[in-house]
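Given next are the chains, with one letter for each unit.
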Amino acid sequence: MAEIGWVIYDEAGLGANQCREWSRLNGFEEDQIFVFNNFVGRMSQHESAGDNAAYEFSGYALALDKMQGQGPFVLINDTLFRHHWKPGWAYLLRGLLNDPWLRSTSGRIVGDLRSESFEFPEKPATYWASWIFVMSDRIALQRMRTALERVIREDWSKPSQAYVDYLDQWLNKSWWQGGWQGNPSPAALQRKTLSIRREHELSRILLNEQALTPYAVGHHQKFLYRVTRLIDRMLARYAAIRRNLHG
């Protein structure tokens, strides 16, 4: 039976119910839904205390440690509700979990793929965005857990100047030119830089060191995956426009 682990950062205490409702609508049983809130404060009865030491990555580790079944396993964070097209991702996820292909090879991990024409020692040319992962079985879960532990410890080398320049260029590019669409304050830029490094490092370990094949959630639903990704980008641009119009 599939299990799903959410990592949220929620001060209002309402996010856990939203996560559970979305999960139930997509076929997850109540006792197979785990919600970890990385906000340090009072927990609601529908969530567990998270660990924001390494943002969603440390929260994911807690979620994986909670899962006891044979899979598949899903890791996801609450950016689904802010930056992604929920109906499209729900359909993609249901299709994947019901696809025998997912478990046709032991240790398979799939996610939301990003591809670029260049790579660095710190970043594969193709890598996974860190907001959603699906693991086929316990072997895949252990591979992810091992990689997460490395990322949490920041077990990586000093970045090359080329990689530093790559991050700096993207973070400082205007959002309407395809750059970062967040708040460019010094603190936010520092946090985003570290988050991106963790995201890239996780994929580097899984794809380069563990030699996994990079598959997308929409591996057998390619048209829907392309449409969903397009709508995601449109939603993100719309949100950026609203933020800039309202200061």
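None of these values were measured; they are calculated from a predicted model. (Residues numbered from 1 in each chain as written. Predicted model: local features only at pLDDT ≥ 70, side-chain atom pairs only at ≥ 80, totals over all residues. Heavy atoms only, no water.)

A. The pattern of salt bridges, seen in detail. If you walk through the whole model with that rule in mind, you get 14 salt bridges. Across the pair Asp-155 and Arg-150 runs a salt bridge whose closest N-O atoms are separated by 2.9 Å. A cluster of three or more residues bridged by salt bridges with shared partners is formed by Arg-150, Arg-153, Asp-155, Glu-201, Arg-204 and Glu-209. (Salt bridge = Lys/Arg side-chain N within 4 Å of Asp/Glu carboxyl O.)

B. How the structure looks around the pairing of strand 1 (residues 3-8). With respect to burial, strand 1 is a largely interior element, six of its six residues being buried. Residues Glu-3, Gly-5 and Val-7 line one face of strand 1 and the alternating positions Ile-4, Trp-6 and Ile-8 line the opposite face, and both faces are buried. Of the strand pairs in this sheet, strand 1 and strand 4 (residues 73-77) are connected by five bridges, and their pairing is parallel. Among the inter-strand pairings, Trp-6 is bridged to a residue of strand 4, identified as Ile-76. Across five bridges, the pairing between strand 1 and strand 2 (residues 33-37) is parallel. Residue Gly-5 lies in a different strand from strand 2, and its bridge partner there is Phe-34. (Buried < 20%, exposed > 50% of the residue type's maximum accessible area, 1.4 Å probe, protein only. Helix = DSSP H or I, 4+ residues; strand = E, 2+ residues; numbered from the N terminus. Pairing = 2+ DSSP bridges.)

C. Examining unusual backbone geometry more closely. Cis geometry marks the peptide bond from Gly-71 to Pro-72, where omega comes out at 0°. With respect to the helices and strands, the residue Pro-72 is situated in the loop between helix 2 (56-66) and strand 4. Despite not being glycine, Ala-211 has its phi angle at roughly 60°, a positive value. For Ala-211, the location among the structural elements is in the loop between helix 7 (186-209) and strand 7 (215-216). By relative accessible area, Ala-211 is classed as exposed at 59%.

D. Summary view of the packing of aromatic side chains. Under the criterion given, the structure shown has 13 aromatic pairs. With centroids separated by 6.0 Å and ring planes inclined at 85°, the aromatic side chains of Trp-89 and Tyr-225 adopt a geometry described as edge-to-face. You can see Trp-89 sitting in helix 4 (residues 86-97) and its partner Tyr-225 sitting in helix 8 (residues 222-245), a full 136 residues away along the chain. You can call Trp-89 buried: its relative accessible area is 1%. Classification of Tyr-225 by relative accessible area gives buried; the value is 10%. A ring pair is formed by Phe-118 and Phe-120, whose centres lie 5.9 Å apart and whose planes are at 70°; its orientation type is edge-to-face. Since its relative accessible area comes to 37%, Phe-118 is described here as partly exposed. (Phe/Tyr/Trp six-rings, centres within 6.5 Å; stacked < 30°, edge-to-face > 60°.)

E. Spotlight on helix 6 (residues 161-172). Over its twelve residues, helix 6 runs 16 Å from end to end, which matches the ideal 16 Å to within 8%, given 1.5 Å per residue. Residues of helix 6 that are buried: Tyr-163, Tyr-166, Leu-167 and Leu-171. Projected down its long axis, helix 6 carries its buried residues within an arc of 120°, all on one side. Those residues of helix 6 that are exposed and angled more than 90 degrees off the buried face are Gln-161, Gln-169 and Asn-172. Elements that come into contact with the buried residues of helix 6 comprise strand 6 (126-135) and helix 7. (Expected span 1.5 Å × (residues − 1). Arc of directions from axis to C-beta. Contact = heavy atoms within 4.5 Å.)

F. A look at the sheet that holds strand 2. The strand order across the open sheet built from seven strands is 3-2-1-4-6-5-7, with neighbouring strands paired in mixed fashion. In this open sheet, the two strands that pair with only one neighbour each are strand 3 (48-49) and strand 7. Its contacts with the sheet place helix 2 against strand 1, strand 2, strand 3, strand 4 and strand 6, and it is angled at close to 35° to strand 6. Strand contacts of helix 4: strand 4, strand 5 (109-115) and strand 6, with the helix running at about 70° to strand 6, the strand carrying the most contacts. (Axes fitted to C-alpha atoms, helices over the stretch in contact; angles between N-to-C directions.)

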